[in-house]
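# Working through the structure, step by step
Read off the chains here:
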Amino acid sequence: MKTLIIRIIFLAILSSSVYAEENSEVRMNEIIASQTQANTLKIINNAWDAYKLGDFQTAFDLWHPLAEVGNPSAQVYIGLMYNQGHSVSQDDSEAAKWYTLASDQGYAPAKWRLAVLYHHGSGLPQNYQKSAELYDYVARKGDFYAQKMLGVIFSQGLGVQKDNIIAHLWFHISVENGSPFGEKYRDEIAKSMGIEEIFLSNAMAKDCMDSGYTKCGY
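What counts and what doesn't
- Residues numbered from 1 in each chain as written.
- Predicted model: local features only at pLDDT ≥ 70, side-chain atom pairs only at ≥ 80, totals over all residues.
- Heavy atoms only, no water.
- Core = buried A, V, L, I, M, F, W, Y, C linked by side-chain atoms within 4.5 Å.
- Buried < 20%, exposed > 50% of the residue type's maximum accessible area, 1.4 Å probe, protein only.
- Helix = DSSP H or I, 4+ residues; strand = E, 2+ residues; numbered from the N terminus.
- Contact = heavy atoms within 4.5 Å.
- Salt bridge = Lys/Arg side-chain N within 4 Å of Asp/Glu carboxyl O.
- Phe/Tyr/Trp six-rings, centres within 6.5 Å; stacked < 30°, edge-to-face > 60°.
- Lys NZ or Arg CZ within 6 Å of the ring centre and 35° of its normal.
- Disulfide = S-S within 2.5 Å.
- Axes fitted to C-alpha atoms, helices over the stretch in contact; angles between N-to-C directions.
- Left-handed = near helix turned anticlockwise from the far one by under 90°.
- Nonpolar A, V, L, I, M, F, W, Y, C, P; charged D, E, K, R; others polar.
- pLDDT = per-residue confidence, 0-100.

### A closer look at the nonpolar core
- If you look at the biggest cluster of nonpolar residues, it comprises 54 residues, and the most contacted ones within it are W63 and W170.
- Counting residues per element, this core draws most heavily on helix 8 (residues 164-176), which supplies seven residues.
- Not counting chain neighbours up to four residues away, the residues in contact with W170 comprise A139, R140, Q147, K148, L150, G151, F154, C208, Y213, C216 and Y218.

Quick look at the structure:
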């Protein structure tokens with residue numbers, strides 16, 4: 001009996017030791033991950049500071065290694081540099097490649113930049129439907145630029161069925177979220193709409209926002 005008790009105590013101590021080791025390893029991995037994220041953010045911010053000062057080569061040299069290993073923010077910045085021709089030859093196809101890599105990770109800033117390229121056919125075949133899908137994704141994340149662009153898309157029927165009520169809805173939402181140009185577009189399209197249509201559109205816009213952009217009339 002005494003021997004059994006000793007064995008039980010020994011196993012309990014051993015189990016506690018193993019658990020402590022595993023717990024310690026988990027904490028260590030969390031610390032390393034946190035430090036890695038902090039270092040990555042610091043590099044991205046330092047590159048942005050260099051970019052704003054016009055030191056495009058330094059910015060590129062800092063962002064590019066991060067972009068290569070899959071950081072979506074760095075991929076967008078590298079895409080932007082190719083888009084603008086900063087420290088590299090201007091190349092919308094190369095910009096589209098980097099935007100696509102970040103977009104495939106669900107990164108909203110990449111999706112709306114990719115939407116711009118599809119809309120204008122820059123570096124990619126012009127595809128209004130694809131552009132509309134990308135803008136829709138970002139608009140539902142609350143981005144007022146994408147919301148305004150969705151209004152343009154529905155007002156002109158670019159890749160979607162033309163619909164002034166839905167267009168007015170997105171223009172109105174973009175204004176509510178701070179768009180500096182949405183009000184002009186909203187007021188312009190309202191001239192071709194009846195009072196009941198405007199009232200309906202505003203009610204739909206409220207439902208859209210209240211639902212977290214899940215119930216937007218289509």
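There is more to say, and it comes next.
### Brief notes about the environment of I44
- If you trace the backbone, I44 turns up in helix 1 (residues 2-52).
- Ignoring any residue separated from it by four or fewer positions in sequence, one finds I44 in contact with W63, L66, N71, S73 and Y77.

### Observations regarding the pattern of salt bridges
- Counting across every chain of the model gives seven salt bridges.
- Where D136 meets R140, a salt bridge forms, and the shortest distance between an N and an O atom there is 2.8 Å.
- Several salt bridges converge on common partners, so that one network encompasses E183, R186 and D187.

### With respect to the packing of aromatic side chains
- Here the structure, examined in full by the defined rule, presents 11 aromatic pairs.
- Seen from their ring centres, F60 and Y82 are 6.3 Å apart, and the 75 degrees between their planes marks the pair as edge-to-face. Here the residue F60 occupies a position in helix 2 (residues 56-68), and Y82 occupies one in helix 3 (residues 72-84), the gap between them amounting to 22 residues. Each member of the pair, F60 as well as Y82, is classed as buried.
- Counting every residue linked through ring pairs, the aromatic cluster contains W48, Y51, F56, W63 and Y77.
- The ring of Y218 carries R140 above its face, with NZ or CZ at 5.1 Å from the centroid.

### What to know about the state of the cysteines
- Counting across every chain of the model gives one disulfide.
- A sulfur-sulfur distance of 2.0 Å marks the disulfide that ties C208 to C216. Here the disulfide of C208 and C216 is right-handed, its torsion about the S-S bond being about 65 degrees. C216 matches C208 in its accessibility class, with the two residues each being buried.

### A short note on the environment of N177
- Mapped onto the secondary structure, N177 falls in the loop between helix 8 and helix 9 (182-190).
- N177 sits in the partly exposed class, given a relative accessible area of 28%.
- With 33 residues separating them along the chain, N177 and F144 place their C-alpha atoms 5.8 Å apart.
- In contact with N177, other than residues within four places in its own chain, are G142, F144, Q147, M209 and Y213.

### With respect to the packing of helix 4 (residues 92-103) against helix 5 (residues 108-120)
- Two elements in contact, helix 4 and helix 5, have axes separated by 8 Å at closest approach and are oriented at 145 degrees. Of the two possible hands of crossing, helix 4 and helix 5 adopt the one that is left-handed. Residues D92, A96, Y99, T100, A102 and S103 of helix 4 pack against A110, K111, R113, L114 and L117 of helix 5.
- Here the contact of helix 4 with helix 5 is built from residues that sort into six nonpolar, two polar and three charged.

### Examining unusual backbone geometry
- Phi at S87 takes a positive value of approximately 70 degrees, unusual for a residue other than glycine.
- Structurally, S87 can be placed in the loop between helix 3 and helix 4.
- Of note in this structure, Y213 is not a glycine but carries a positive phi near 70 degrees.
- Mapped onto the elements, Y213 comes out in the segment after helix 10 (195-210).

### Side note on the confidence of the model for the chain
- Summing up the model confidence of the chain, the mean pLDDT is 87 and the portion of residues at 70 or higher is 83%.
- Note that pLDDT drops below 50 for residues 8-14; the model gives that stretch zero contacts with residues more than four away or on any other chain.
- Counted against residues more than four places away or in other chains, residues 16-22, with its pLDDT under 50, gives zero contacts.

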